[in-house]
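# Structural features, examined
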Amino acid sequence: MDKNLVAALGFGLMFVLLMLRVPIGIAMGISGVLGFGLLSGFAPALNLLANVPLSVLTDYNLSVIPMFILMGAFCSTAGMSRELFDAGLAWVGHRRGGLALAAIGACAGFAAINGSSVATAATMSQVALPEMRKAGYDSGLSAGIIAAGGTLGIMIPPSVIFVLYGIMTETDITKLFFAGVVPGLLAVLFYAALVAFIAHRHPAAFPAGRVHAWGERFRALRNLWPTLALFGLVLGSMYVGWVTVTEAAGLGASGALAIGLLRGQLDRRAVKRALIDSLRGSSAIML
């Protein structure tokens with residue numbers, strides 16, 4: 001069968017399955033196996049289906065993905081995402097668009113200890129979106145800001161997408177991480193500039209919040225030390241060559257757990273919830 005026709009049928013089948021609400025990984029797998037079978041025979045296709053999942057799940061290099069996701073899950077469960085947002089709110093919340101700026105800053109900070117755009121957007125939608133709606137922000141605009149801020153998880157290290165790209169192209173993942181720092185910061189600045197522009201042109205869309213006392217502002221900054229410590233631990237240890245990327249991911253997950261336990265923010269139930277959340281996210285990516 002013609003390869004172009006098989007490709008067209010494969011994409012068509014995949015989109016039909018997605019519209020039927022079949023999970024993305026399963027829809028892609030069905031389309032891929034059937035397409036491979038039409039081109040090379042169904043015996044090799046079934047052999048591929050039997051061997052590839054095992055080779056992926058037992059690949060040591062890919063173990064970095066669940067470790068970074070687990071680090072983010074521990075941080076989210078321990079309330080670090082809330083602390084990031086509260087710090088931004090304390091410093092810029094009294095300005096028009098301040099809540100939006102705080103949300104973008106929190107997305108950037110959480111991306112630096114999480115590595116997943118989906119997890120960043122999902123977490124910040126629980127933390128920042130209710131506050132923005134309560135302040136009178138437009139619901140669609142608020143959701144768009146959170147969605148845009150969530151994309152920072154792709155660029156700001158440690159990015160799971162960088163890990164996958166580095167493994168597939170045999171590129172040094174540590175170099176990819178450091179190459180993403182400046183573009184990630186530029187994205188944050190451009191998002192913030194766009195929010196400021198919209199707030200200037202349409203002030204009613206971004207109501208101003210209350211002014212926080214200086215004591216509240218500095219107390220909010222003090223709560224950011226776990227995020228800064230984790231970010232420095234993971235990237236710093238890789239930069240000086242003490243650990244590999246996989247070891248840094250394990251170090252970050254262990255550090256997030258230790259910080260949460262020492263601060264009394266993680267109990268047995270919270271740890272269990274973080275493990276389940278990271279398992280779900282890792283399973284989706286591996287699939």
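Residues numbered from 1 in each chain as written. Predicted model: local features only at pLDDT ≥ 70, side-chain atom pairs only at ≥ 80, totals over all residues. Heavy atoms only, no water.

### Concerning the side chain of N114
Formally: A run of H or I in DSSP becomes a helix once it reaches four residues, and a run of E becomes a strand once it reaches two; helices and strands are each numbered from the N terminus. As used in this structure description, the phrase polar contact means that two N or O atoms lie within 3.5 Å; if the pair is within protein, one of them must be able to donate a hydrogen and the other to accept it, and residues adjacent in sequence are counted only when both atoms belong to side chains. Whether two residues are in contact is decided by their heavy atoms, any of which lying within 4.5 Å being enough.
If you trace the backbone, N114 turns up in the loop between helix 6 (98-111) and helix 7 (117-127). Side-chain polar atoms of N114 contact the backbone oxygen of S116, separated by 2.9 Å. Side chain to side chain, N114 and T120 meet in a polar contact 3.3 Å long. Not counting residues up to four positions away in its chain, the partners in contact with N114 are F68, I69, M71, G72, A119, T120 and P158.

### Overview of the pattern of salt bridges
The condition is simple: Basic side-chain nitrogens of Lys or Arg form a salt bridge, by our definition, when they fall within 4 Å of a carboxyl oxygen of Asp or Glu. Buried, partly exposed and exposed residues are distinguished by accessible area as a fraction of the type maximum, computed with a 1.4 Å probe on protein chains only: under 20%, between the cut-offs, and over 50%, respectively.
This model, assessed by the stated rule, comprises three salt bridges. Of the charged contacts in the structure, one is a salt bridge between D86 and R82, with a shortest N-O distance of 3.4 Å. With D86 and R82 both in helix 5 (residues 80-92), this residue pair falls four residues apart, about one helical turn. In this structure D86 comes out as partly exposed when scored by relative accessible area, which is 29%. Residue R82 is classed as partly exposed on the basis of its relative accessible area of 30%.

### Here we look at the packing of helix 5 against helix 14 (residues 214-222)
Each pair of packed helices gets described by two things: the angle between the helix axes and the distance between those axes. For clarity, the threshold we go by: Every axis in this analysis is a line fitted to C-alpha atoms, fitted for helices over the stretch in contact. Angles between the N-to-C directions lie between 0 and 180 degrees. In what follows, roughly perpendicular refers to angles from 65 to 115 degrees, roughly parallel to angles under 35, roughly antiparallel to angles over 145, and oblique to any angle outside these ranges. Two helices crossing with the near one rotated counterclockwise from the far one by less than a right angle form a left-handed crossing, whereas a clockwise rotation gives a right-handed crossing. The nonpolar class holds Ala, Val, Leu, Ile, Met, Phe, Trp, Tyr, Cys and Pro. Asp, Glu, Lys and Arg form the charged class, and all remaining residues, Gly among them, are polar.
Across the interface, helix 5 lies against helix 14 with an axial gap of 9 Å and an inter-helix angle of 150°. Taken together, the axis directions place helix 5 and helix 14 in an arrangement best described as roughly antiparallel. Between helix 5 and helix 14 the crossing geometry is left-handed. Contacts from D86, A87, A90 and W91 in helix 5 reach W214, E216, R217, F218, A220 and L221 in helix 14. When grouped by side-chain class, the residues that make up the contact of helix 5 with helix 14 number seven nonpolar, no polar and three charged.

### Side note on unusual backbone geometry
A cis amide bond links P157 with the next residue in sequence, P158, at an omega value of 5°. Here P158 is to be found in the loop between helix 10 (152-155) and helix 11 (160-169). A positive phi angle is found at R21, which is not glycine, with a value near 70°. Here R21 falls in the exposed class, since its relative accessible area comes to 76%. Phi angles above zero are rare outside glycine, and E170 is one such case at about 55°. Turning to its location among the elements, E170 is positioned in the loop between helix 11 and helix 12 (173-179).

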